[in-house]
Amino acid sequence: MKRLTAVLGRTVEDLPGFEFPQVKPLYLAFARMVRNLEFDVCELALATCLQAVEAGVPITLVPVELVGSGHHRSLTRLPDGPALTPEDLPGKRIGVRSYSQTTGLWVRGILQEEYGIAASDVTWVTTEEPHVAQYREPAYVTRSSAARVADLLRDGEVEAAVLGPRAIGGQGEGLVPVIPGAEAAERAWAERHGFSPINHLLVVRDEVLRAVPDQVRALAEKLGAGWTDELRACLELAARYALEQELLREPIDLEKATRKWT
């Protein structure tokens, strides 16, 4: 049995035929996967997956939700800074690690859906490039030389910052949500849509899936793979948000992206 490389943010035990190289932080593996197909199987951010599908990268999305979270709390501000509400954001600058970061996708979707604020109403200040090399950012995205998103906020380069749950507990320590009643708003969003936002899924190289499908399925089953109405609805909404935000240039065929995994 050929040993496959699988990069995951969690440990999988008692599964022969796989090597699990560690990449820390995990998101550094994403560009290596979609640019160089460096791994056989890889955890991948949802927005990166959508862009990779559009770019024709030969990978298949596997129905495994690996990371997910509500994101009303992910839009943050300084606790002692000027008063700031979502309605104040048009014309402002918001920091985000990369414009194509999935947390940013969900935050912008929330701003559009609940406050009528389009992605183009804001200048998005980034610290990193997109994972998918073929993608070109819209004109309302700019790059900073700052090392971290929280530094943009603390140095006064932006009025608000997008930070995922782990970053809020790290570099974003002490920051507070811009959206009032963020936790309750997350619950209401999930109830309205019937699911919570997904950030990371699993992908496999097409060549590997064709060659050893049973081996790949063994890993997927270990991780709880399975299509659900909630997962499909989440992908459809994320793809719509991505198109509205110019993360995608054209609508993508989600069935084509997933039909190799039945």
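This text follows the structure it describes.
Residues numbered from 1 in each chain as written. Predicted model: local features only at pLDDT ≥ 70, side-chain atom pairs only at ≥ 80, totals over all residues. Heavy atoms only, no water.

1. Points about the overall build of the protein
Item 1. On a plain count of helices and strands, the protein comes out with 10 helices and 11 strands.
Item 2. Compactness check: the protein gives a C-alpha radius of gyration of 18 Å against a globular reference of 18 Å for 262 residues, within 12% of the reference.
Item 3. Principal axes of the C-alpha set define a box for the protein whose edges measure 60 × 35 × 35 Å.
Item 4. Scored against the burial criterion, the 262 residues of the protein give a buried share of 52%.
Item 5. Approximately 11,900 Å² of the protein is accessible, and the part contributed by carbon and sulfur atoms is 48%.
Item 6. Each charge class in the protein was averaged separately, 29 positive and 37 negative side chains, and the resulting centres sit 4 Å apart. (Helix = DSSP H or I, 4+ residues; strand = E, 2+ residues; numbered from the N terminus. Rg over C-alpha atoms; globule rule 2.2 N^0.38 Å. Buried < 20%, exposed > 50% of the residue type's maximum accessible area, 1.4 Å probe, protein only. Areas by Shrake-Rupley, 256 points an atom, 1.4 Å probe, with all protein chains shown as cover. Lys, Arg positive; Asp, Glu negative; His and termini not counted. Charge placed at Lys NZ, Arg CZ, Asp CG, Glu CD.)

2. Focus: the packing of helix 2 (residues 46-55) against helix 3 (residues 102-115)
Item 1. Close contact between helix 2 and helix 3 brings their axes to 7 Å; oriented N to C, the two are set at 95 degrees. Here helix 2 is positioned roughly perpendicular relative to helix 3, judged by the angle of their axes. The residues of helix 3 that touch helix 2, namely those facing Leu46, Ala47 and Thr48, are Thr102, Leu105 and Trp106.
Item 2. Looking at side-chain class alone, the contact of helix 2 with helix 3 contains four nonpolar, two polar and no charged residues. (Axes fitted to C-alpha atoms, helices over the stretch in contact; angles between N-to-C directions. Parallel < 35°, antiparallel > 145°, perpendicular 65-115°, else oblique. Contact = heavy atoms within 4.5 Å. Nonpolar A, V, L, I, M, F, W, Y, C, P; charged D, E, K, R; others polar.)

3. Notes on unusual backbone geometry
Item 1. Here the amide bond leading from lysine 24 into proline 25 is cis, since omega sits at -10 degrees, within 30 degrees of zero.
Item 2. Topologically, proline 25 is positioned in the loop between strand 2 (18-19) and helix 1 (28-36).
Item 3. The phi dihedral of leucine 37 falls on the positive side, at around 50 degrees, and the residue is not glycine.
Item 4. Mapped onto the secondary structure, leucine 37 falls in the loop between helix 1 and strand 3 (41-45).

4. Describing the pattern of salt bridges
Item 1. Tallied over the full model, the rule gives 14 salt bridges.
Item 2. The partner of glutamate 128 in a salt bridge is arginine 97, with the nearest N and O atoms 3.4 Å apart. Taken together, the residues glutamate 128 in the loop between strand 7 (123-126) and strand 8 (141-143) and arginine 97 in the loop between strand 6 (93-96) and helix 3 connect sequence positions 31 residues apart.
Item 3. Residue glutamate 128 is classed as partly exposed on the basis of its relative accessible area, which comes to 23%. (Salt bridge = Lys/Arg side-chain N within 4 Å of Asp/Glu carboxyl O.)

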